[in-house]
Amino acid sequence: MSATPQAPAGSRAPATRDSDWLATASRILFWPVMVLTLLLVTIPTYILVKVSISRPAELLTQHPTFWIWQPTFKHWEGVLGSPELWAPLWKSLAVATLTTVVAVAIAAPAAYVIARMPKSLRYTTILGLLVTRMFPDVLIALPVAVTFIKMGLLDTVPGLVLAHLIANLPFLAWILVGTFEMIPQALEEAATVDGCSRFEALMRVVFPAALPGIMVGAMFVWLNSWNEFTYAMYLSTATKTLPLQTYFYQAKGSWFDSAAYATVLTIPVVIITFALQRYLVSGSLSGAVKG
């Protein structure tokens, strides 16, 4: 029997050389790309903070400085001492938090049911969720506002929460369907074999395993609700939300006070993002089922 010809020692397949080249290029480009991304994210925030604590003479010149040389907190004192800040701030926090809690409570069980449907029915339902997001908020905000006014929900937190759920519920359900699809059904079967009921298996096994995806979806819902502008303009007349108040304040205030207002609007976003960033790590389900 003739021996199978072998490649000469030291020769390597083209695919191996290509993969080595890609790995080397990714290692070389990783840190430059990370630094560039960090600069693109932090520089606008830095400029916003700089404007809020700078003296007018530093910026209202032909060549403004990039660094902060003579900071002043005069603009912040005026903003923090203004009664026009705190009521919109608390209203925005309440609306965003309640919207997130209600959306998770409704969308998480619904997404689990959709994820366990037959494939054809599942894809049809997901497509239906996506279709609801094709209608822009500005198109349906006016009829929604008219309906809510008739229901007595104008200038109320529940009214804004219900309005924000219109967009966020299908969005969150769409995200969580993919999360529950990644959870093997063998986990539920193992829990039932160990004596758990279907509800106990969901609460003790499935939902804890889906917690990273649920928290990421909740973060997006909170940020969407916090930054929402269209429904706030229609449904808030007496007490505005903070994004709406920042918009109106920018129209009548100075650049420096408006920058302080915008910084206050940004602070909760930074806190929520950093608090939940650990849930962005993938691979939490790897090794959940052993053969």
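Residues numbered from 1 in each chain as written. Predicted model: local features only at pLDDT ≥ 70, side-chain atom pairs only at ≥ 80, totals over all residues. Heavy atoms only, no water.

**A word on the overall build of the protein chain**
Logical step 1: In terms of helices and strands, the protein chain carries 13 helices and 0 strands.
Logical step 2: The order of α-helices and β-strands along the protein chain, N terminus first, is α-α-α-α-α-α-α-α-α-α-α-α-α.
Logical step 3: Intrachain contacts of the protein chain at a sequence separation of at least 6 include 71% that bridge at least 24 residues.
Logical step 4: For the protein chain, the exposed surface amounts to about 17,800 Å²; the carbon and sulfur share of it is 70%. (Helix = DSSP H or I, 4+ residues; strand = E, 2+ residues; numbered from the N terminus. Contact = heavy atoms within 4.5 Å. Areas by Shrake-Rupley, 256 points an atom, 1.4 Å probe, with all protein chains shown as cover.)

**Looking at helix α7 (residues 157-181)**
Logical step 1: With 25 residues, α7 extends 34 Å between its outermost C-alpha atoms, agreeing within 8% with the 36 Å of an ideal straight helix rising 1.5 Å per residue.
Logical step 2: Ile166 marks the point of greatest bend in α7, at about 45°, and the proline Pro170 comes within the next four residues.
Logical step 3: For α7, the capping residue at the N-terminal end is Thr156, with a side-chain oxygen 3.2 Å from the backbone nitrogen of Gly159. (Expected span 1.5 Å × (residues − 1). Bend = angle between axes of the 7 residues up to and from the residue. Polar contact = N/O pair within 3.5 Å; in protein donor to acceptor, adjacent residues only side chain to side chain.)

**Let's talk about the confidence of the model for the protein chain**
Logical step 1: The pLDDT averaged across the protein chain works out to 84; a share of 89% of its residues lies at or above 70.
Logical step 2: Scored below 50 in pLDDT, residues 282-291 makes 9 contacts in the model with residues more than four places away or belonging to other chains. (pLDDT = per-residue confidence, 0-100.)

**Thoughts on the nonpolar core**
Logical step 1: The biggest cluster of nonpolar side chains holds 35 residues, and the ones touching the most others in it are Leu176, Phe180 and Ile183.
Logical step 2: Taken together, the elements giving at least two residues each to this core come down to α4 (83-115), α5 (119-132), α6 (137-150), α7, α9 (198-209), α10 (211-227) and α11 (230-235).
Logical step 3: At 9 residues, the largest contribution of residues to this core is made by α7.
Logical step 4: Leu85, Val216, Met219 and Tyr249 belong to the second-largest nonpolar core, a separate cluster that totals 19 residues. (Core = buried A, V, L, I, M, F, W, Y, C linked by side-chain atoms within 4.5 Å. Buried < 20%, exposed > 50% of the residue type's maximum accessible area, 1.4 Å probe, protein only.)

**Some details on the packing of helix α8 (residues 185-193) against α9**
Logical step 1: Close contact between α8 and α9 brings their axes to 9 Å; oriented N to C, the two are set at 120°. The orientation of α8 with respect to α9, classified from their angle, is oblique. Seen from above, α8 lies across α9 with right-handed handedness. Here α8 contributes Leu187, Glu188 and Ala191 to the contact with α9, which in turn contributes Arg198, Ala201, Leu202, Val205 and Val206.
Logical step 2: In terms of residue class, the contact of α8 with α9 is built from 6 nonpolar, no polar and 2 charged. (Axes fitted to C-alpha atoms, helices over the stretch in contact; angles between N-to-C directions. Parallel < 35°, antiparallel > 145°, perpendicular 65-115°, else oblique. Left-handed = near helix turned anticlockwise from the far one by under 90°. Nonpolar A, V, L, I, M, F, W, Y, C, P; charged D, E, K, R; others polar.)

**Description of the packing of aromatic side chains**
Logical step 1: Within this structure, the stated rule accounts for 10 aromatic pairs.
Logical step 2: Centre to centre, the rings of Phe30 and Trp31 are 5.1 Å apart; their planes meet at 80°, and the pair counts as edge-to-face.
Logical step 3: Taking relative accessible area as the criterion, Phe30 reaches 42% and is therefore assigned partly exposed.
Logical step 4: A centroid spacing of 5.3 Å and a plane angle of 80° characterise the contact between Phe229 and Tyr247, whose relative ring orientation is edge-to-face. Taken as a pair, Phe229 in the loop between α10 and α11 and Tyr247 in helix α12 (residues 242-252) lie far apart in primary sequence, 18 residues in all.
Logical step 5: Note that Arg122 overlies the ring of Tyr123, its terminal NZ or CZ placed 6.0 Å from the centroid.
Logical step 6: If you follow Lys240 out to its NZ or CZ, it ends over the ring of Phe248, 5.3 Å from the centre. (Phe/Tyr/Trp six-rings, centres within 6.5 Å; stacked < 30°, edge-to-face > 60°. Lys NZ or Arg CZ within 6 Å of the ring centre and 35° of its normal.)

**Digging into the pattern of salt bridges**
Logical step 1: For the coordinates displayed, the defined rule picks out 5 salt bridges.
Logical step 2: When the shortest N-O distance is used, the salt bridge between Lys50 and Glu58 registers 3.6 Å.
Logical step 3: Classification of Lys50 by relative accessible area gives buried; the value is 4%.
Logical step 4: Between Glu181 and Arg122 there is a salt bridge, with its nearest N and O atoms 3.1 Å apart. Within this pair, whereas Glu181 is found in helix α7, its partner Arg122 is found in helix α5, the two being separated by 59 residues in sequence.
Logical step 5: Classification of Glu181 by relative accessible area gives partly exposed; the value is 35%.
Logical step 6: Connected via shared salt-bridge partners are Arg116, Glu188 and Arg198. (Salt bridge = Lys/Arg side-chain N within 4 Å of Asp/Glu carboxyl O.)

**Describing the packing of α6 against α7**
Logical step 1: Where α6 contacts α7, the axes come no closer than 11 Å and their chain directions differ by 145°. At the point where α6 passes α7, the crossing takes the right-handed sense. Taking contact as the criterion, the partners of Asp137, Ile140, Val144 and Phe148 in α6 are, on α7, Gly159, Leu162, Ala163, Ile166 and Ala167.
Logical step 2: Class assignment for the residues of the contact of α6 with α7 results in 7 nonpolar, 1 polar and 1 charged.

**A word on α12**
Logical step 1: Every buried residue of α12 is accounted for by Leu242, Pro243, Leu244, Gln245, Thr246 and Tyr249.
Logical step 2: For α12, the secondary structure elements touched by its buried residues are α4, α10, α11 and α13 (255-276).

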